[in-house]
Amino acid sequence: MKDQLELLWELQKIDLDLRHIKEERERYPREIKKLDERMSIEKERLQAEKGKVDLLEKERREKERQLSSSQEKIKKAEGRMSEVKTNKEYQALLTEIETIKGASSREEEEILQVLEEIDELKKDLSKREKEVAALLEKIEAEKKSTQERMAQDEILWKERMERREVLSKQIESKLYKLYHTLKEKRQGVGVVNVKKETCQGCFVHIPPQMFIEVQKNNEIIRCPNCNRILYFKGEGKAK
Ligand SMILES: [Zn+2]
């Protein structure tokens, strides 16, 4: 019976490993999806910031066109100076030139403002680009390590399944069935360790005499509280 209990204990550990891998299998795709989403959010944000710069560049070009057309108008008006005949015409032309000059100096100022804004944004942008590149690299690395863990888990799964197959043949069918039933009813745990007279499945004390018997691992003893099969692993460091 001692061997049987040892085999059963090993089977229990394998079943817990398998359960863990199964949970991980469900978790990994969600994790990868989250990382992908984070990457596209960062990329979109950066794109939006670049869009802002593009818009300002467009505004700048538009203002420069206005400015050069104003300058053209000033030149033309000044060219008409030699053609004026009366003082009234002369005054009117001067006023016209002054008005256009006023507009053009406002345009110049506006262009300078836009240029300053563009410079500022570009400075931020190049900083942000570096930050985003570093972040994307980090996320890629996280993704890769998740994928590696996935691959390792699949290898582990195969190994555990093979060992499980062997064990389930070595364990007496009656004991195996009992374990299986308990496992189904008790959150995947059918056989538990006992430490310091305490069932490690439900953490209820067992009678001292029972603990003495359990330590021998010679017979199937079940926890009076949770019904699980009790196994004594020794008082050494529990795994
Ligand atoms: Zn118990």
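Refer to the structure printed above.
Now for a quick tour of the structure.

Calculation criteria
- Residues numbered from 1 in each chain as written.
- Predicted model: local features only at pLDDT ≥ 70, side-chain atom pairs only at ≥ 80, totals over all residues.
- Heavy atoms only, no water.
- Pairing = 2+ DSSP bridges.
- Helix = DSSP H or I, 4+ residues; strand = E, 2+ residues; numbered from the N terminus.
- Buried < 20%, exposed > 50% of the residue type's maximum accessible area, 1.4 Å probe, protein only.
- Patch = residues over 30% accessible without salt bridge, like charges linked within 9 Å, V, L, I, M, F, W, Y side chains within 5 Å.
- Areas by Shrake-Rupley, 256 points an atom, 1.4 Å probe, with all protein chains shown as cover.
- Salt bridge = Lys/Arg side-chain N within 4 Å of Asp/Glu carboxyl O.
- Lys, Arg positive; Asp, Glu negative; His and termini not counted.
- Charge placed at Lys NZ, Arg CZ, Asp CG, Glu CD.
- Donors = N, O, S within 2.8 Å, 3.2 Å for Na, K, Ca; no water.
- Tetrahedral: all angles 85-135°; square planar, octahedral: opposite > 155°, others 65-115°.

## A few points about the sheet that holds strand 2 (residues 198-199)
So, point 1. If you trace the three strands from one edge of the open sheet to the other, you get 2-1-3, paired in mixed fashion. Looking at which strands have only one partner, the edges of the open sheet turn out to be strand 2 and strand 3 (229-231).

## Focus: unusual backbone geometry
So, point 1. We note that Glu 197 has phi near 60°; this positive angle belongs to a residue other than glycine.
So, point 2. With respect to the helices and strands, the residue Glu 197 is situated in the loop between strand 1 (191-195) and strand 2.
So, point 3. What makes Glu 197 partly exposed here is its relative accessible area of 25%.
So, point 4. One non-glycine residue, Asn 217, adopts positive backbone phi at about 50°.
So, point 5. Relative to the helices and strands, Asn 217 is located in the loop between helix 4 (208-216) and strand 3.

## Details of a negative patch on the surface
So, point 1. A grouping of Glu 59, Glu 116, Glu 117, Asp 119, Glu 120 and Asp 124 is seen on the molecular surface, where their side chains present a negatively charged patch.
So, point 2. Broken down by element, the negative patch gets its largest block of residues, five residues, from helix 2 (residues 87-170).
So, point 3. When its relative accessible area of 42% is taken as the criterion, Asp 124 is described as partly exposed.

## Some thoughts on the coordination of the zinc ion
So, point 1. On the protein side, the zinc ion has Cys 199 (SG), Cys 202 (SG), Cys 223 (SG) and Cys 226 (SG) as donor atoms, found 2.3 Å from it.
So, point 2. Seen from the zinc ion, its four donor atoms lie at angles of 105 to 115°, and the figure they make is tetrahedral.
So, point 3. Positions of the donor residues of the zinc ion, expressed as sequence spacing, correspond to C-x2-C-x20-C-x2-C.
So, point 4. Judged by its relative accessible area of 22%, Cys 202 falls in the partly exposed class.

## What about the pattern of salt bridges?
So, point 1. Scanning the model with the defined rule gives 26 salt bridges in all.
So, point 2. A salt bridge links Arg 27 to Glu 31; its shortest N-O distance comes to 2.3 Å. With Arg 27 and Glu 31 both in helix 1 (residues 2-79), this residue pair falls four residues apart, about one helical turn.
So, point 3. The shortest N-O distance in the salt bridge between Arg 80 and Glu 96 comes to 3.2 Å. With Arg 80 in the loop between helix 1 and helix 2 and Glu 96 in helix 2, this pair connects stretches of sequence that are 16 residues apart.
So, point 4. Each of Glu 42, Arg 45, Glu 49, Arg 128 and Glu 131 takes part in salt bridges that share partners, so that together they form one network.

Interpretation note: all reported values are geometric properties and have no functional meaning in isolation.
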